[in-house]
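So you can see what is in the structure, the chains are spelled out below.
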Amino acid sequence: MNLSNFFVATSAAVMLLLNITGIVDVRHASIKVPNTVVIPKVDGGPRTVIQAMTEIVVNQPTATNLSIKVIDSTGVVVIEETTQSLQTRISTTGLKPGTYTVETIDDYDDLQVFTVVI
């Protein structure tokens with residue numbers, strides 16, 4: 001057996017061994033790192049903002065960290081709040097009449113923007 005045949009046979013044996021142990025998936029030509037922990041993304045899901053007479057109600061389907069900003073028409077943040085509640089009520093008492101933007105963003109930078117008129 002010459003050197004090139006020995007190299008091919010050895011490589012095939014190593015690949016077979018790695019495929020059997022699950023380190024290399026030959027079918028997809030990908031390498032897996034053993035003993036890794038994959039942390040699943042917790043999706044906050046779609047949020048809703050409801051404008052009531054004297055408050056804004058922000059609902060989220062799961063109780064994850066949520067940053068809420070109420071921004072006036074000039075771009076100034078007038079209210080800022082962080083919550084983990086399924087429902088957050090924000091008083092609009094004291095805000096001048098006008099159009100406001102409500103920005104909600106979770107830990108995974110999922111930004112959702114809503115417009116309310118007070």
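The rules behind each value
- Residues numbered from 1 in each chain as written.
- Predicted model: local features only at pLDDT ≥ 70, side-chain atom pairs only at ≥ 80, totals over all residues.
- Heavy atoms only, no water.
- Pairing = 2+ DSSP bridges.
- Helix = DSSP H or I, 4+ residues; strand = E, 2+ residues; numbered from the N terminus.
- Axes fitted to C-alpha atoms, helices over the stretch in contact; angles between N-to-C directions.
- Core = buried A, V, L, I, M, F, W, Y, C linked by side-chain atoms within 4.5 Å.
- Buried < 20%, exposed > 50% of the residue type's maximum accessible area, 1.4 Å probe, protein only.
- pLDDT = per-residue confidence, 0-100.
- Salt bridge = Lys/Arg side-chain N within 4 Å of Asp/Glu carboxyl O.

(A) The arrangement of the sheet that holds strand S6 (residues 77-83) in detail. The strand order S6-S5-S8-S9 describes an open sheet built from four strands, whose pairing is antiparallel. Among the strands making up the open sheet, the edge pair consists of S6 and strand S9 (111-117). Averaged over all pairs of adjacent strands, the angle between strand axes in this sheet comes to 15°, irrespective of strand direction.

(B) Expanded view of the nonpolar core. One finds Val49, Ile56, Val58, Ile68, Val70, Val102 and Val116 to be the most contacted residues of the largest nonpolar core, which totals 13 residues. Within the residue set of this core, elements represented by two or more residues are strand S4 (55-59), strand S5 (66-71), strand S8 (99-106) and S9. Top contributing element to this core by residue count: S5, with three residues.

(C) How the structure looks around the pairing of S5. In terms of residue burial, S5 counts as a mostly covered element, since five of its six residues are buried. Linking S5 back to S6 in an antiparallel pair, the connection comprises five residues, with Gly75 at a positive phi of about 95°. Here six bridges tie S5 to S8, and the two strands are oriented antiparallel to one another. Its bridge partner being in S8, Lys69 is matched across the sheet by Glu103.

(D) Fine view of the confidence of the model for the chain. Summary statistics for the chain give a mean pLDDT of 76 and a share of 58% for residues scoring 70 or more. Looking across the chain, the model is least confident in strand S2 (residues 30-31), with a mean pLDDT of 48, and most confident in S6, with 95.

(E) Structural view of the pairing of S8. Across the two faces of S8 the burial differs, with Tyr100, Val102, Thr104 and Asp106 buried and Thr99, Thr101, Glu103 and Ile105 not buried at all. Where S8 lies against S9, seven bridges are found, and the strand directions are antiparallel. Residue pairing for S9: Ile105 is matched across the bridge by Leu111. Where S8 hands over to S9, the hairpin turn is made up of four residues, of which Asp109 adopts a positive phi near 60°.

(F) Spatial organisation of the pattern of salt bridges. Applying the stated criterion across every chain, the model contains one salt bridge. The salt bridge partner of Glu55 is Arg89, with a shortest N-O separation of 2.5 Å. Placement of Glu55 in strand S4 and of Arg89 in strand S7 (residues 87-91) is noted, with a sequence separation of 34 residues between them.

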